[in-house]
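These are the residues of each chain, in order.
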Amino acid sequence: EWFSTPVEVGIFAAAYQSLAPFVNTIPIAAVMAIVPVVVRLASEDMESCRTYALTGLRFLAAAGIGVAMTASMMTPWIIEFISGGRYADNEGQFFAFLWMTFPVFLLFYIQEINIALGAQRKNIVITAILAAVTVLGGLWLIPLYASYGAIAAKFAAVIGAAAVAYFSFHRILEQSITLRGVSGVVGAAIVCAGSAVWLPSVMPRPLAIVCGMVVWMVAVAAAGLVRVVDVQRVRSMFQRTLA
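Residues numbered from 1 in each chain as written. Predicted model: local features only at pLDDT ≥ 70, side-chain atom pairs only at ≥ 80, totals over all residues. Heavy atoms only, no water.

Visitor: Residues and numbers for the packing of aromatic side chains, please.
Guide: Centre distance and the angle of the planes are the two values used to describe a pair of aromatic rings. Counted under the stated rule, the structure contains seven aromatic pairs. Plain terms: the ring middles of F12 and F97 are 5.3 Å apart, the flat faces sit at 65° to each other, and that makes the pair edge-to-face. Of this pair, F12 sits in helix α1 (residues 6–23) while F97 sits in helix α5 (residues 91–98), and the two are 85 residues apart along the sequence. By relative accessible area, F12 is classed as partly exposed at 24%. (Phe/Tyr/Trp six-rings, centres within 6.5 Å; stacked < 30°, edge-to-face > 60°. Helix = DSSP H or I, 4+ residues; strand = E, 2+ residues; numbered from the N terminus. Buried < 20%, exposed > 50% of the residue type's maximum accessible area, 1.4 Å probe, protein only.)

Visitor: Got a sec to walk through helix α2 (residues 26–42)? Specific residues and values, please.
Guide: Given 3.6 residues per turn, any residue in an α-helix points the same way as the ones three and four places further on. Here α2 contains 17 residues, and its C-alpha end-to-end distance of 24 Å stays within 8% of the 24 Å for a straight helix at 1.5 Å per residue. For α2, the principal kink sits at I34 and spans about 30°; a proline, P36, occurs within the next four residues. Listing the buried residues of α2 in full gives P27, A30, V31, A33, I34, V35, V37, V38 and L41. (Expected span 1.5 Å × (residues − 1). Bend = angle between axes of the 7 residues up to and from the residue.)

Visitor: Before we move on, can you summarise the state of the cysteines with the specific residues and values?
Guide: Overall, the coordinates contain zero disulfides when judged by the stated rule. C192 takes part in no disulfide bond, and the closest cysteine sulfur to it belongs to C211, at a distance of 13 Å. A residue is classified by how much of its surface remains accessible, and C192, at 0% relative accessible area, is buried. (Disulfide = S-S within 2.5 Å.)

Visitor: Could you give an account of the packing of helix α3 (residues 46–73) against helix α8 (residues 179–202), with specific residues and numbers?
Guide: Between α3 and α8, whose axes approach to 9 Å, the crossing angle comes to 15°. Classified by the angle between their axes, α3 and α8 sit roughly parallel to one another. As for the relative orientation of α3 and α8, their crossing is right-handed in sense. Contact with α3, carried on its side by I65, M69, S72 and M73, involves V185, A188, A189, C192, S195, A196, L199 and P200 of α8 and no other residues of that element. In the contact of α3 with α8, the residues fall into ten nonpolar, two polar and no charged. (Axes fitted to C-alpha atoms, helices over the stretch in contact; angles between N-to-C directions. Parallel < 35°, antiparallel > 145°, perpendicular 65-115°, else oblique. Left-handed = near helix turned anticlockwise from the far one by under 90°. Contact = heavy atoms within 4.5 Å. Nonpolar A, V, L, I, M, F, W, Y, C, P; charged D, E, K, R; others polar.)

Visitor: Report on the environment of E44, specifying residues and quantitative values.
Guide: With respect to the element layout, E44 can be found in the loop between α2 and α3. According to the relative accessible area criterion, E44 is exposed, its value standing at 56%. Among the polar contacts listed, one links the side chain of E44 to the side chain of R40, at a separation of 3.3 Å. (Polar contact = N/O pair within 3.5 Å; in protein donor to acceptor, adjacent residues only side chain to side chain.)

Visitor: Please set out the packing of α3 against helix α7 (residues 121–172) residue by residue, giving values where relevant.
Guide: Their axes nearest at 11 Å, the elements α3 and α7 cross at an angle of 165°. When the axes of α3 and α7 are compared, the pair comes out roughly antiparallel. Seen along the crossing, α3 lies across α7 with a hand that is left-handed. Touching A53, L54 and L57 of α3 are Y166, F169 and H170, all from α7. The residue inventory of the contact of α3 with α7, partitioned by class, reads five nonpolar, one polar and no charged.

Visitor: Let's hear about the side chain of S72: which residues, and what values?
Guide: Residue placement: S72 occurs in helix α3. Looking at S72, its side chain comes within polar contact range of the main-chain oxygen of A68, at 2.8 Å. Separated by 3.1 Å, the side chains of S72 and W99 make a polar contact. For S72, the residues in contact, after removing those within four places along its chain, are F95, L98, W99 and A196.

Written as structure tokens, this is what we have:
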């Protein structure tokens, strides 16, 4: 509001609103299923605890990429639903915000697991990064690029905090980080983001979404984010929670 216009503030607020339905559902459901298992295993079998915690991380990474890809390709429909088409000329801002679901999923999950494992002090660092990069980036970018600048600052903050949380998480679990693991996550996200931009430009949007889901399944499988054994573990965790 200090460095831009009410119109740009409205665009930012509407794009921000589009994120809420996704980040307030899937990560919470996953945490409710996984955290109790991780807490129990932490005192019984630390090796199994690490396995389940890392399985949850891979699952949330894959889910975050899938949700971001699908939601971003639905941008025109989401804008119509939220604003009645008022922000039809601002698809870029909405698209960018919807891709924040991926790092937000990781952040939410890691912060909850940190608390469950008694490493909640790590969350202070994560929060500090989110605050500092958002404020400093906003002061720099908003006067130059208005709502795009605010979104870029927010995106940088979330990505930076998620990266720090990801590396810290593996250190807490005493697990080494492999180049293949990191490149798999980043590579799958880049492939899916590129497909989300390209596919709707060359085919009808409903077909693009279907093709996008195929791309997502191939990408996360190739990256090793989703394995058969992981699906079985996650299914068993949800069954225990529902029971």
